[in-house]
2 protein chains.
Amino acid sequence: MKIPYLTPEMRGELDLRIAKIREAMAEGDCDAVLIASTTNLFYISGTVFRGYVLILSDSDPVWFMVPPSVAPDGFPHCHTIHKPEMIPAWLHEAGYAVPRSIGLEFDDLLYSELMRLKSLFPESEIKNASGVLRKARMTKTEYEIRKIREDGMHQARAYSKVPKCYKEGMTDLELQIEVERVLRLEGCLGYLRAAGSRMELNLGSVISGDNADMPSPYDFSMGGAGVDPSLPVGADGKTIKPGCSVMLDMNGGFNGYQSDMTRTWYLESVSELARKAHECSRRILRDLEKRALPGVPVSELYIKAVEIAQADGLGDYFMGHRNKVKFIGHGIGIELNEQPVVMERNRQPLLKNMTIALEPKFVIPHVGAVGVENTYCVTDNGLDNLTEFPEELQEL
Amino acid sequence: MKIPYLTPEMRGELDLRIAKIREAMAEGDCDAVLIASTTNLFYISGTVFRGYVLILSDSDPVWFMVPPSVAPDGFPHCHTIHKPEMIPAWLHEAGYAVPRSIGLEFDDLLYSELMRLKSLFPESEIKNASGVLRKARMTKTEYEIRKIREDGMHQARAYSKVPKCYKEGMTDLELQIEVERVLRLEGCLGYLRAAGSRMELNLGSVISGDNADMPSPYDFSMGGAGVDPSLPVGADGKTIKPGCSVMLDMNGGFNGYQSDMTRTWYLESVSELARKAHECSRRILRDLEKRALPGVPVSELYIKAVEIAQADGLGDYFMGHRNKVKFIGHGIGIELNEQPVVMERNRQPLLKNMTIALEPKFVIPHVGAVGVENTYCVTDNGLDNLTEFPEELQEL
């Protein structure tokens, strides 16, 4: 398979990304980075292929393709290898010096995969490239922001069909299945890339009633019991009850990038407390949209959100009731969970062109989860919403 | 969250699994194994939780739960910790000796995850527990075989609705989306556990026409171009054409275990060559069903399959045409790709109660992929088919 879409625009785009990686390499004192994970290969090429890319601080990147992957015509510095053990000899023959330090993806590769690559560079200092690459990916290019905005538009179109998906007497899972179909027909690819090993999920999460307060072993903001002990997360298969909220936090991945958007519906009626909490979530977002300027520490967003929830007397329900999570948002891009995590102890300053999902949610006993999540881009004027869609608590 | 379903039956089941792990530990000369991966935690507990299980050769396993996961009432040897760094001190206080050698999951944990655990046992020899656990999981208990058979029955019920899913003028992807819905309504959990990092996919694969011969960077038996460069695999979104085959290899995961079943349909008509190849796939399966007795080397299945295909003059199309793969099947259980891989160089003897998926497939130019895949259990009388469903080439 060839690297598709290597249009002049895409070449320029990849040059921008390489520059960002090099900047992060310089800060991390890393002479070279060998990319091997699917996520980072996609970042550096615009596609997924079998192979490796060596980013050097002082010369063009070298691409190593493993069949059946092949290089596109006229693509420079690209070589076919059959196994990574061929990389050092190739570098030697091509006259490259052994890098003094080389970064490998400690947080993205399996131990055995990484050890294999490490053994290729016995003379180099081995550094963790995952942080370098996460830092490069933390701020987005214009192209990437456009991709995430496109995602948001697709996701909004799918969400507009949610009320039509609901039929009387449905379970949360049955509703989710119909929404999954609508998302897929809208172009959702259905595969959710996430960092780490604590994010197993099908196409997203539909949570209703007390299931919202069921803890899950995963790192999602809301839990849910799931329907089988092998995947204890999300919808629990119970009939949606009048008076309960139905929170949809479904997959927004249509083009290799993801948008993260949560909206909340309810069946027949919903308590005043739930309405108040939902409006509080919206007020938190309005506040953070202005507050989140480049230079502001990420922690401030978390602290302010908690403050607003507490001032409304809703602290007990904020980000869970029996089981609380300690963040209100996260970076997003190729992976659902990128940098920065929006939590109290993260003093990282916001940077222009970061894309972050903010999800101030509440769990109201016997009602379920309420609140809104949007994906935003950080601009000089505050947050630009990439997931425009009515935020009101809506009747199913 | 508590470990659910710890019925007396399940306790007995877990004892069987622990015995199998200990046997593999003895063969691997491993005093202890610390389990941390989701897949193996599910194997040893019947659920997914946050935490660790220490399997010792000479005393009961010790369970470490990390909140929000909690132990079920009356569950012995179970302790709450907040981070893995608390494990060594706990063991010391409880009077356990430091294990001489300890196995960690080299092929299942990220490098950084594994290094963190490794640092807890500076005095122990660190061994690769992935092989130990894969070996234990390679043969299944009666309970596990029942689970996979249940999967196969669900999958068959979903496949029986495939012709109803098809509407004139549909693309491969549109058909796939309708089949995904049927699978989900039948109880498919939608999350595909697979070993390694080369298996990204939504709910499975629908391949039609020349897309069957498009190479993919992933480790699936058939490729496909996909519809987006971020996920170059499977359906390519083209309208299904008369005279083309439509091969469905969709997710059969309903209960934490998986069944793998491929069936092939066609639109309006299909060439004699394609019909002949499809019947050859069925004859290969009939032959292997008798041949695959305990003790027979796995390689023999591969060699015999190639021999039958070549004797029919179909060698050029077997397991791909332009792009061939070098296996005809694989173990299956909690993960889609377990041991053994059915390929020429694997001399591993078949063992009673292995569960393997056999998928002798052909790619016929301008038609697409044809053939059948079943999931089997190895018995003293040959293979027991866990995925009963008509195998004929069927009209859509």
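Residues numbered from 1 in each chain as written. Chains lettered and ligands numbered in written order. Predicted model: local features only at pLDDT ≥ 70, side-chain atom pairs only at ≥ 80, totals over all residues. Heavy atoms only, no water.

(A) Highlighting the overall build of chain A. Across its full length, chain A holds ten helices and 17 strands. Whereas a compact globule of 396 residues would reach a radius of gyration of roughly 21 Å, chain A reaches 22 Å, a difference of no more than 12%. In terms of overall dimensions, chain A has C-alpha extents of about 70 × 40 × 40 Å along its principal axes. Within chain A, the proportion of its 396 residues that are buried is 64%. For chain A, contacts bridging at least 24 residues in sequence account for 67% of all contacts bridging at least 6. Total accessible area computed for chain A in this model is approximately 14600 Å², and 51% of it derives from carbon and sulfur atoms. Counting 44 positive and 56 negative side-chain charges, chain A places the averaged centre of each group 1 Å from the other. (Helix = DSSP H or I, 4+ residues; strand = E, 2+ residues; numbered from the N terminus. Rg over C-alpha atoms; globule rule 2.2 N^0.38 Å. Buried < 20%, exposed > 50% of the residue type's maximum accessible area, 1.4 Å probe, protein only. Contact = heavy atoms within 4.5 Å. Areas by Shrake-Rupley, 256 points an atom, 1.4 Å probe, with all protein chains shown as cover. Lys, Arg positive; Asp, Glu negative; His and termini not counted. Charge placed at Lys NZ, Arg CZ, Asp CG, Glu CD.)

(B) Representation of the relation of the copies chain A and chain B. Between chain A and chain B, the superposition needs a rotation of 180° and an axial shift of 0.0 Å, giving an RMSD of 0.0 Å. Interpreted geometrically, this transformation is the action of a two-fold axis. (Least-squares fit on C-alpha atoms with pLDDT ≥ 70 in both.)

(C) Fine view of the nonpolar core. The biggest cluster of nonpolar side chains holds 43 residues, and the ones touching the most others in it are Leu34, Tyr52 and Leu54 of chain A together with Leu34, Tyr52 and Leu54 of chain B. In contact with Leu54 of chain B, other than residues within four places in its own chain, are Ala32, Val33, Leu34, Pro61, Val62, Phe64, Leu91 and Ile102 of chain B. (Core = buried A, V, L, I, M, F, W, Y, C linked by side-chain atoms within 4.5 Å.)

(D) Focus on the pattern of salt bridges. Tallied over the full model, the rule gives 61 salt bridges over all chains. The partner of Arg17 of chain A in a salt bridge is Glu13 of chain A, with the nearest N and O atoms 2.8 Å apart. Here Arg17 of chain A and its partner Glu13 of chain A are both found in helix α1 (residues 8–27), four residues apart, which amounts to about one turn of the helix. The two residues Arg17 of chain A and Glu13 of chain A agree in class, both being buried. Two residues, Glu279 of chain B and Arg282 of chain B, come together in a salt bridge whose shortest N-O distance is 3.5 Å. (Salt bridge = Lys/Arg side-chain N within 4 Å of Asp/Glu carboxyl O.)

(E) Summary view of helix α4 (residues 111–118) of chain A. For α4 of chain A, the complete set of buried residues consists of Tyr111, Leu114 and Leu117 of chain A. Buried positions in α4 of chain A, seen along its axis, are confined to an arc of 130° and lie on one side of it. Against β1 (32–35), β2 (51–56) and β5 (101–104) of chain A together with α4 (111–118) of chain B lie the buried residues of α4 of chain A. (Arc of directions from axis to C-beta.)

(F) Main features of the environment of Arg282 of chain B. Residues and elements named next belong to chain B. Locating Arg282 in the fold gives a position in helix α9 (residues 272–291). Using a relative accessible area of 18% as the deciding quantity, one classes Arg282 as buried. Each residue touching Arg282, except ones within four places of it in the same chain, is listed here: Val372, Glu391 and Glu392. At 3.1 Å, the side chain of Arg282 forms a polar contact with the side chain of Glu391. (Polar contact = N/O pair within 3.5 Å; in protein donor to acceptor, adjacent residues only side chain to side chain.)

(G) Structural context of the sheet that holds strand β9 (residues 258–266) of chain B. All names here are of chain B. The four strands lie next to each other as β7-β8-β9-β17, forming an open sheet whose pairing is mixed. In the strand order of this sheet, the two ends are held by β7 (204–208) and β17 (394–395), each with one partner. Both β7 and strand β8 (residues 245–253) contribute to a ladder of five bridges, which runs antiparallel. Across the sheet, Val206 pairs through a bridge with Leu248, a residue of β8. Set on the sheet, helix α6 (residues 142–159) makes contact with β8 and β9; between it and β9 the angle comes to about 25°. (Pairing = 2+ DSSP bridges. Axes fitted to C-alpha atoms, helices over the stretch in contact; angles between N-to-C directions.)

(H) Quick peek at the interface of chain A and chain B. Facing the 58 residues of chain A at the interface are 58 residues of chain B. Both faces combined, the contact of chain A with chain B buries some 4900 Å², and carbon together with sulfur accounts for 56% of it. In terms of surface lost to chain B, no three residues of chain A exceed Tyr111, Arg184 and Pro229 of chain A, which account for 15% of the buried area on that side. Along the contact surface separating chain A from chain B lie eight salt bridges. For the salt bridge of Arg184 of chain B with Glu180 of chain A, the shortest nitrogen-to-oxygen distance reads 2.7 Å. (Buried area = accessible area lost by both parts, 1.4 Å probe.)

(I) Expanded view of the environment of Asp213 of chain B. Residues and elements named next belong to chain B. One can find Asp213 in the loop between β7 and β8. Judged by its relative accessible area of 7%, Asp213 is buried. Between the C-alpha atom of Asp213 and that of Gly223, which follows or precedes it by ten residues, the distance is 6.7 Å. Beyond its immediate sequence surroundings of up to four residues, Asp213 is in contact with Gly320, His321, Arg322, Asn323 and Val363.

(J) Region of interest: the environment of Arg11 of chain B. If you trace the backbone, Arg11 of chain B turns up in helix α1 (residues 8–27). C-alpha separation for the pair Arg11 of chain B and Ser45 of chain B, spaced 34 residues apart in sequence, amounts to 8.9 Å.

(K) Just the side chain of Ser230 of chain A, in detail. Along the chain, Ser230 of chain A falls in the loop between β7 (204–208) and β8 (245–253). Within the structure, Ser230 of chain A has its side chain in polar contact with the side chain of Asp228 of chain A (distance 2.6 Å). Of the polar contacts made by the side chain of Ser230 of chain A, one reaches the backbone nitrogen of Gly256 of chain B; its length is 3.3 Å. Ignoring any residue separated from it by four or fewer positions in sequence, one finds Ser230 of chain A in contact with Tyr218 of chain A together with Phe42, Val48, Leu189, Arg193, Asn255 and Gly256 of chain B.

(L) Here's a closer look at the side chain of Thr139 of chain B. Residue and element names in this part refer to chain B. Looking at where Thr139 falls in the secondary structure, it is placed in the loop between α5 (129–138) and α6. By relative accessible area, Thr139 is classed as buried at 17%. Aside from chain neighbours lying at most four places away, what touches Thr139 is Lys20, Glu144, Leu351, Lys352, Asn353 and Met354.

(M) Looking closely at the packing of aromatic side chains. A complete count under the given rule lists 19 aromatic pairs over all chains for this structure. Pairing Tyr218 of chain A with Phe220 of chain A gives two aromatic rings, centres 6.2 Å apart and planes at 50°, and the pair type is tilted. The two residues Tyr218 of chain A and Phe220 of chain A agree in class, both being buried. An aromatic cluster of at least three residues, connected via ring pairs, comprises Phe106 and Tyr111 of chain A together with Phe106 and Tyr111 of chain B. Here the guanidinium or amino end of Arg275 of chain A rests over the ring plane of Tyr266 of chain A, the centre of that ring lying 5.3 Å away. A cation sits over an aromatic face here: Arg193 of chain B above Phe42 of chain B, 5.9 Å from the ring centre. (Phe/Tyr/Trp six-rings, centres within 6.5 Å; stacked < 30°, edge-to-face > 60°. Lys NZ or Arg CZ within 6 Å of the ring centre and 35° of its normal.)

(N) Inspection of the pairing of β2 of chain A at higher detail. Residue and element names in this part refer to chain A. The buried fraction of β2 amounts to six of the six residues, a majority that puts the element mostly inside the structure. Alternating residues of β2 divide into Gly51, Val53 and Ile55 and Tyr52, Leu54 and Leu56, and every residue in both groups is buried. Where β1 and β2 come together, four bridges link them in antiparallel fashion. The residue of β2 that forms the bridge with Ala32 is Leu56. Two strands pair when backbone bridges link them, and β2 and strand β3 (residues 62–65) are joined in this way by four bridges, in the antiparallel orientation. Each bridged residue has a counterpart across the sheet, and for Tyr52 the counterpart in β3 is Phe64.

(O) Inspection of the pairing of strand β10 (residues 327–331) of chain A at higher detail. Residue and element names in this part refer to chain A. Burial analysis of β10 places five of its five residues in the buried class, which makes it a mostly covered element. Taken together, the four bridges between β10 and strand β11 (residues 338–343) define a ladder with antiparallel strand orientation. Across the sheet, Gly331 pairs through a bridge with Glu338, a residue of β11. Between β10 and β11, which pair antiparallel one after the other, the connecting turn spans six residues.

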